[in-house]
Amino acid sequence: MSKKQLLKDKSKFIRCETLKIHKLAPETRVASSLSPIEIFVSLYYGDILNFNPKDPRDDSRDRFIISKGHGSISMYPLLADVGFFDKNELSNVCKNGSFLGGIPDPIIPGYETVNGSLGHGLGVGCGMAVALKTKQNKQNVVVLTGDGELNEGSNWEAIMFAPQHKLDNLTLIVDYNKVSMLDFSKNIINMSSLNDKFKAFNWKVYEIIDGHDVEEISTTLKEAIQDRDTKPKVVIVNTIKGKGVPFLETHSLSHILSVKSEDIDALIEEIQNAD
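Let us look at a nonpolar patch on the surface. Together, Met181, Leu182 and Ile256 give the surface a local cluster of nonpolar side chains, amounting to about 280 Å² of exposed area. When you line up the elements, Ile256 lands in the loop between helix 9 (246-249) and helix 10 (261-273). For Ile256, a relative accessible area of 34% corresponds to the partly exposed category.

Moving on, we get to empty space enclosed by the protein. Vacant regions in the atomic arrangement are exposed by a probe of water-molecule size rolled over the atoms. Throughout the structure, instances matching the rule amount to 2 cavities of 30 Å³ or more. Here the largest cavity is characterised by a volume of approximately 130 Å³. Phe51, Arg61, Asp62, Gly110 and Glu112 are the residues nearest the centre of the largest cavity, which is lined by 15 residues in total. Taken together, the residues of the lining of the largest cavity sort by class into 7 nonpolar, 3 polar and 5 charged. Taken as a whole, the second largest cavity spans an internal volume of roughly 30 Å³. If you go around the second largest cavity, the residues you meet are Tyr44, Phe64, Ile66, Met75, Gly110, Tyr111 and Glu112.

The computed volume of the largest pocket comes to approximately 480 Å³. In terms of lining residues, the largest pocket is bounded by 21 residues, among which Arg15, Glu38, Lys243, Ala274 and Asp275 are the most central. Within the residue set of the lining of the largest pocket, elements represented by two or more residues are helix 1 (3-24), helix 9 and helix 10. No other element matches the 6 residues that helix 1 contributes to the lining of the largest pocket. The residue makeup of the lining of the largest pocket, split by class, is 6 nonpolar, 4 polar and 11 charged. Approximately 280 Å³ is the volume attributed to the second largest pocket. Looking at the second largest pocket, it is lined by 18 residues, and the ones nearest its centre are His70, Leu118, Gly148, Glu149 and His255.

Turning our attention to the packing of helix 1 against helix 4 (residues 75-82). One can describe the packing of helix 1 onto helix 4 by two numbers: an axis separation of 8 Å at closest approach and a directional angle of 120 degrees. For the element pair helix 1 / helix 4, the angle class is oblique. Between helix 1 and helix 4 the crossing geometry is right-handed. Here Lys10, Phe13, Ile14, Glu17, Thr18 and Ile21 of helix 1 come into contact with helix 4, specifically with Tyr76, Pro77, Leu78 and Asp81. Broken down by class, the residue content of the contact of helix 1 with helix 4 amounts to 6 nonpolar, 1 polar and 3 charged.

The next thing to look at is the side chain of Thr145. For Thr145, the location among the structural elements is in strand 2 (residues 141-146). Since its relative accessible area comes to 0%, Thr145 is described here as buried. Beyond its immediate chain neighbours, meaning those up to four positions away, Thr145 contacts Ser67, Lys68, Leu150, Asn155, Leu172, Ile173, Val174 and Asp175.

Rules and cut-offs
Residues numbered from 1 in each chain as written. Predicted model: local features only at pLDDT ≥ 70, side-chain atom pairs only at ≥ 80, totals over all residues. Heavy atoms only, no water. Patch = residues over 30% accessible without salt bridge, like charges linked within 9 Å, V, L, I, M, F, W, Y side chains within 5 Å. Areas by Shrake-Rupley, 256 points an atom, 1.4 Å probe, with all protein chains shown as cover. Salt bridge = Lys/Arg side-chain N within 4 Å of Asp/Glu carboxyl O. Helix = DSSP H or I, 4+ residues; strand = E, 2+ residues; numbered from the N terminus. Buried < 20%, exposed > 50% of the residue type's maximum accessible area, 1.4 Å probe, protein only. 1 Å grid on protein atoms, 1.4 Å probe; cavity = no way out; pocket = protein on both sides within 12 Å on 5 of 7 lines; lining within 4 Å. Points joined across faces, edges and corners; volume = space filled by probe spheres on them. Nonpolar A, V, L, I, M, F, W, Y, C, P; charged D, E, K, R; others polar. Axes fitted to C-alpha atoms, helices over the stretch in contact; angles between N-to-C directions. Parallel < 35°, antiparallel > 145°, perpendicular 65-115°, else oblique. Left-handed = near helix turned anticlockwise from the far one by under 90°. Contact = heavy atoms within 4.5 Å.

Any link to function would need more than the numbers given here.
This is the structure in structure tokens:
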């Protein structure tokens, strides 16, 4: 099987498993969790991130911080699939006693940080990047934020800090799905000039036009993360919020909407049968 086909198959698998989790735990933020799936899959199955499921805190690991934690329930089946924890745990999401909650935290093997309060992941990532540089370690720090999350001023402190300290071991990925919590992002704070903003702050900018094309994503992410030319890097990934659930894909309130339990099996069948 080609690498491209593997990434496509894994994306389909993770999308279906995410919908199954949402059926079990309707309180999960499903639309936000569906948009970054191909990003996650490319990082973990595309030979981009260095990780060790048997020792999640292995010093040689790359650090991956998911700042939009509520929108990463799709990481649960992925982490189970690559061996961070038993797949049987997926049936316990949001249940009493389970370590898999509606908002992830570092008790989950494979998660680096607490992710409930938005706007902090990039700042923590800067700290990690500085520490690794100080120790002359070669590991990468990768941070995923949402575009709505960039409304948090703490992000822009980190965006100013990173180039000042030449953190070329730091890569920010923006899940640019263009829908915030209660409306389209453009109606709250318009980020249409996001590329120019990052260039003005002295970041090296990459853009992925189709945020669900695993070939484009894996190629671009690998190039950006490996680029060590004094500047921090940002990869702006144009995604679709609620990808795979048609009514969510165009809804201004998709962030807070749930999918009816009775509709999920049909959606999964449709995704499985798609090319």
